[in-house]
Amino acid sequence: MKKILLLHGPNLNMLGKREVSIYGDTNYASLNDAIEKRGAELDLVVDIKQSNHEGELVDYIQNATGVADVIVINPGAYTHTSIAIRDALLAVGLPVIEVHMSNIYKREPFRRHSYVSDIAAGSIVGFGPDSYIMALDQAAKMGKKLPDDS
Ligand code: CA2
């Protein structure tokens, strides 16, 4: 079975508690339930981790070497700041799918740059919890030829 490391970055454990107008009212536990349900439907083994700490996220990424087949990551605010997370993703060399609940490209200017998007196989933004579900659907297909593969 294909193994997915699914990483949630800082503050994503607060979902549903505040900023409902931006991120919706799905709470963190319900989001992970939906991820696990879709993962099971797709015959994926999904290992879900969350951290508020940059170095811990780097550790999770490094530890995916030889374990995971695909990394699905919502780096949270580290999307816009973290060269360390970018370097870790490059170092492990696994396919990466970047996820955001909100559409970062129609928010504040500081959210419009991602250190992950240009090294990701693809990015899914703006669909709330469904962004993760769409990422799993794509992860399940990975290994098959993508349109921009040469
Ligand atoms: O849209 C996304 O998924 C983000 O990665 C969410 C991050 C934000 O910093 C990124 O720019 C876009 C924020 C994570 C959630 O933050 C919350 C804060 C308070 C209450 C609920 C969530």
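Residues numbered from 1 in each chain as written. Predicted model: local features only at pLDDT ≥ 70, side-chain atom pairs only at ≥ 80, totals over all residues. Heavy atoms only, no water.

Participant: Outline the overall build of the protein, supporting the account with residue identities and numerical values.
Facilitator: For the protein, the count of helices and strands is five helices and five strands. In the protein, the succession of α and β elements from N to C terminus is β-α-α-β-α-β-α-β-β-α. Its C-alpha radius of gyration of 14 Å places the protein within 12% of the 15 Å reference for a compact globule of 150 residues. Taking the principal axes of its C-alpha atoms as reference, the protein extends roughly 40 × 35 × 30 Å. Across the 150 residues of the protein, 43% fall into the buried class. Pairs at least 24 apart in sequence give 76% of the contacts found in the protein among residues at least 6 apart. Carbon and sulfur atoms provide 51% of the accessible area of the protein, an area that totals close to 7,800 Å². (Helix = DSSP H or I, 4+ residues; strand = E, 2+ residues; numbered from the N terminus. Rg over C-alpha atoms; globule rule 2.2 N^0.38 Å. Buried < 20%, exposed > 50% of the residue type's maximum accessible area, 1.4 Å probe, protein only. Contact = heavy atoms within 4.5 Å. Areas by Shrake-Rupley, 256 points an atom, 1.4 Å probe, with all protein chains shown as cover.)

Participant: Now, about the nonpolar core: what can you tell me, with residues and values included?
Facilitator: Grouped burial of nonpolar side chains is what soluble globular proteins tend to show. In terms of nonpolar packing, the biggest core is built from 21 residues, with Ile4, Leu6, Ile35, Val46, Val72, Ile97 and Tyr132 touching the most fellow members. Every element with two or more residues in this core is listed here: strand S1 (2–8), helix H2 (28–41), strand S2 (44–50), strand S3 (70–74), strand S4 (96–100) and helix H5 (130–141). Beyond its immediate sequence surroundings of up to four residues, Leu6 is in contact with Ile35, Val46, Asp47, Ile48, Lys49, Val72, Tyr132 and Leu136. Listed in part, the 18 residues of the second largest apolar core include Leu7, Ile71, Leu89 and Val96. (Core = buried A, V, L, I, M, F, W, Y, C linked by side-chain atoms within 4.5 Å.)

Participant: Help me get a handle on the sheet that holds S2, residues and values and all.
Facilitator: Pairing between sheet strands relies on hydrogen bonds along the backbone, with the strands arranged either parallel or antiparallel. Strand order across the open sheet formed by five strands is S2-S1-S3-S4-S5, with parallel pairing between neighbours. Both outer strands of the open sheet, S2 and strand S5 (122–125), are each paired with one neighbouring strand and no more. On average, each strand axis in the sheet is tilted by 20° relative to the strand beside it, whichever way the strands run. Bridging between S4 and S5 involves four bridges; their strand directions are parallel. Its bridge partner being in S5, His100 is matched across the sheet by Val125. Of the strands in this sheet, S1 and S2 are in contact with H2, which crosses S2 at around 160°. (Pairing = 2+ DSSP bridges. Axes fitted to C-alpha atoms, helices over the stretch in contact; angles between N-to-C directions.)

Participant: Can you explain the site of the ligand? Please cite residues and give values.
Facilitator: Within the structure, the ligand sits among 16 residues, and Asn74, His80, Met101, Ser102 and Arg111 are positioned closest to it. In the environment of the ligand, an oxygen atom lies 2.7 Å from a nitrogen or oxygen atom belonging to the side chain of His80. Separating an oxygen atom of the ligand from a side-chain N or O atom of Arg111 is a distance of 2.8 Å. Starting from 510 Å² of accessible surface for the ligand in isolation, the protein chains cover 94%. In a pocket analysis with a 2 Å cut-off to the grid points, the ligand is assigned to the largest pocket. (Near = heavy atom within 4 Å. Polar contact = N/O pair within 3.5 Å; in protein donor to acceptor, adjacent residues only side chain to side chain. 1 Å grid on protein atoms, 1.4 Å probe; cavity = no way out; pocket = protein on both sides within 12 Å on 5 of 7 lines; lining within 4 Å. Sits in = over half its atoms within 2 Å of the grid points.)

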